[in-house]
Structures are given as structure tokens and as C-alpha cells.
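The chain contents come next:
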Amino acid sequence: MAAIEIRSLQKRFGDVTALRDVDLTVKEGEVFGFLGPNGAGKSTTIDLLLDYLRPTAGSVSVFGHDAQAETKRVHERLGVLPDAYGLTGHLTARQHAQFAIDSKDADDHPLELLDRVGVAEAADRNVEGFSKGMKQRLLLACALAGSPDLLVLDEPSTGLDPNGARRMREIVREENERGATVFFSSHILGQVEAVADRVGILVDGEVVAEDHIDDLRDSVGSASGTLVLTLDHLSEAALAAVRDVEGVTSADANGQTVTVTCPDERKATVVDAVRTDGATVLDVESRETSLDDLFASYTETADAGPEGGVEPSADTGGEAGGDASADAATDAEASR
Ligand SMILES: Nc1ncnc2c1ncn2[C@@H]1O[C@H](COP(=O)(O)OP(=O)(O)OP(=O)(O)O)[C@@H](O)[C@H]1O
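Residues numbered from 1 in each chain as written. Predicted model: local features only at pLDDT ≥ 70, side-chain atom pairs only at ≥ 80, totals over all residues.

Asker: Tell me about the site of the ligand, residues and numbers included.
Answerer: Close to the ligand lie Phe13, Val16, Ala18, Gly36, Asn38, Gly39, Ala40, Gly41, Lys42, Ser43, Thr44 and His187, which account for all nearby residues. When contributions to the shell around the ligand are tallied by element, the ones reaching two or more residues are strand S2 (16–27) and helix H1 (42–49). Its residues assigned to classes, the shell around the ligand comprises four nonpolar, seven polar and one charged. (Near = placed C-beta within 6 Å. Helix = DSSP H or I, 4+ residues; strand = E, 2+ residues; numbered from the N terminus. Nonpolar A, V, L, I, M, F, W, Y, C, P; charged D, E, K, R; others polar.)

Asker: Could you give an account of the environment of aspartate 154, naming the residues involved and the relevant values?
Answerer: Residue placement: aspartate 154 occurs in strand S7 (residues 150–154). Considered as a pair, aspartate 154 and aspartate 47 are 107 residues apart in the sequence and their alpha carbons are 9.7 Å apart. For aspartate 154, the contacting residues outside a window of four places in its chain are Ser43, Ile46, Leu81, Pro82, Asp83 and Ser185. (Contact = placed C-beta atoms within 7 Å.)

Asker: Before we move on, can you summarise the sheet that holds strand S8 (residues 181–186) with the specific residues and values?
Answerer: The six strands are arranged S6-S7-S8-S3-S9-S10 in an open sheet whose pairing can be described as mixed. Edge positions in the sheet fall to strand S6 (78–81) and strand S10 (206–212), since each of these pairs with one other strand and no more. In this sheet, neighbouring strand axes are inclined to one another by 15° on average, regardless of whether the strands run parallel or antiparallel. In this structure, S7 lies alongside S8, joined through five bridges in parallel fashion. Following the sheet pairing, leucine 151 is matched in S8 by valine 182. (Pairing = 2+ DSSP bridges. Axes fitted to C-alpha atoms, helices over the stretch in contact; angles between N-to-C directions.)

Asker: An account of the sheet that holds strand S14 (residues 281–287) is needed here, citing residue identities and associated values.
Answerer: The sheet built from four strands is open, its strands ordered S12-S13-S11-S14 with antiparallel pairing. If you trace the sheet from one side to the other, it starts and ends with strand S12 (250–254) and S14, each paired once. For this sheet the average axis-to-axis angle between neighbouring strands, irrespective of direction, equals 15°. In terms of strand pairing, strand S11 (residues 226–231) meets S14 through six bridges, oriented antiparallel. Residue pairing in the sheet places leucine 229 in a bridge with valine 284 of S14. Relative to S12, helix H9 (residues 236–244) is tilted by about 160°, and along the sheet it contacts S12 and strand S13 (257–261). Contacts from helix H10 (residues 267–274) reach S11, S13 and S14 within the one sheet, and its direction differs from that of S11 by about 25°.

In C-alpha cells, the structure reads:
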């Protein structure tokens, strides 16, 4: 059974269409990174999953339970780190953790949860004095209460220093190892790459790619591998020979250096070509497609998708049906 199944999900806020037509499946037991630039609709999707918002159209189910009709059953299996703080300033970290434990009917020890995220020393301080990163750590501790089957983390690294971000990744792995499914949103690609099994890329309210990171990289890799060659001299003839190599999409000279864009499997041929007139190669720098390149190729050319890559989902070409004022009313009714 899928941990999360999102079908034809649409959400409008008045004139703003936040989600056009989102389909996404998160498998049980995987770590799924939900990527997208600012304003893509990541938080809106998560809020719909949590029934903090009501959809204009479409559905979300969690472990087979409809997020809107069976909200309580969904929440029983969830641990959530929200994008906006839900902390109460005059309560201590320990009280927050205890509250999260009680609301899950669990028997965790609050200090152990706080220790896991690195804020045990501040357990008895009111959270109004907490830094951003400490608040984020506390929210994660609360999300972990009751060992939920699904962790939903909205931009979990916000406000964390490098140690905090690393601890966050370790906890994601630990939770996944004990069997939890993890769904987390981010626009920090390195963090997604480090822990996610699969990613979904959301651009302007549409999923433009959903796949394993390696497969996504393969789909754009042939278009954007880069080779930087430094030579003892660079002639027009050598440059022309490089440009003649099949698959080379660009070759730019700068003094004795030439930067070539070509498929990885053509790099050796390019090195041979640049030496045709007797030049010596002094330095070679080869760069694989990074997740940043991948992300850029989807987010900047979402309409076209990467060359030879995964097809973006079809543009619905219009806004979701439904009445905005009705949406506002149903949102107000949605449980928080
Ligand atoms: N309550 C709201 N009223 C009006 N528009 C909204 C509301 N909530 C979200 N939006 C709009 O919906 C779109 C998607 O926003 P959302 O917060 O889901 O994006 P996001 O991908 O989470 O962005 P970020 O990475 O910046 O957090 C944006 O255009 C946003 O302005």
C-alpha cells in the first residue's frame, strides 16, 4: 500500500492557483524528497495532506485513509514538522515534548526525545527564549513522539546550523531504518540528495518529475556533462575538432582553457580531439550533472522538460474548477 497517494490535486486561493493537477505516490518505507522553488506549492500540498486546507479538487490518502474524510486516522499515524512554528512561548521544551507524547498516547520519555535532537540541556527553559534552530529541533522532537509510521517534514533544515542539518539527516535515516516512511520538502538539494530514495519536483503547482535521483540525473546527464581542459596552447583547429565531436553542444575557449559540454561517454573523444594539432593537455576537470543542474533543468524549463528526459506532466492550460469563496469556507472548516 502507498504511504501517500495524491490524485489530481488542485488548490486555488482566490485568483492564485497554487496546485494545478498534482499526482504523486510515496511508497511505504521510502524517504521521499519533495523539491521545488519558492511558491511551487510544497507547503500547500502538505497542508492538504494534513487537512489544514481543503482541496479545490482531487484527493489525498495516507495509508489508504482519505485525508479529508478520515483525518483522525491519518493523524494517528503521522508525525509532523510544520513550516510555521506551532510553539507556545511560555511553555518549556519538556512541556511541549510531553504534550506531543500525550497527544499520541505514547510512552516516550520527553528528555530522551529532546536529547535526540540536541536540546535536552534547554529542556526546562521557556521556548520564547529559543533560537530559530532550537525551535526547529524541538519541533522535530515533537514530530518523533510515538514513533509515527509517516514523518512529514516541511523544510526541516530551516534555521539549522550545519551540525543541526547533519543531525536532522541522521534522524531521517534512523527513522527510516526503524520502518517509518519520510516525506520531506526542501529547496536545498544537497540535503535531499543525501537522504532521499526518490524525489518529486514541483514547479508552479505541477509535478514535473518523479523518480529515483540517479534516474533523473541520467535523464539530463547526457545533455549537461562538463569538461574543462587546460592546454599548453589552444588553436582554432583544435577548437573546431572538438566542436566536430558528436554530442558536443558547446565548446568555449578562454585563453588556453576550453570548456566543453558533452555527454559523459564522449569526454575521452573530446580529449583526443583537442590534441589533434599537437597540444599538450595540462589539466582536466570533469563535472557530472549535479542535482543543482538537474533541479535547474526542470525548474527553469519546466514547460519543455530536459532534453531527452522525463516528460513533464501536461499543462492543464487552465485553472482548477471550483469557487474561491467556497474554498475559503471549507478551509475555515478544516481541522488544524
Ligand atoms: N493562504 C493563502 N492565500 C493565498 N495564496 C496562498 C496561500 N497559501 C499559499 N498561497 C500561494 O500558493 C502558492 C504556493 O505556495 P506554497 O507556500 O505552497 O509554496 P512552497 O512551495 O511551499 O514555497 P516556499 O518554498 O517558499 O515555502 C504561492 O503562490 C503562494 O503565494
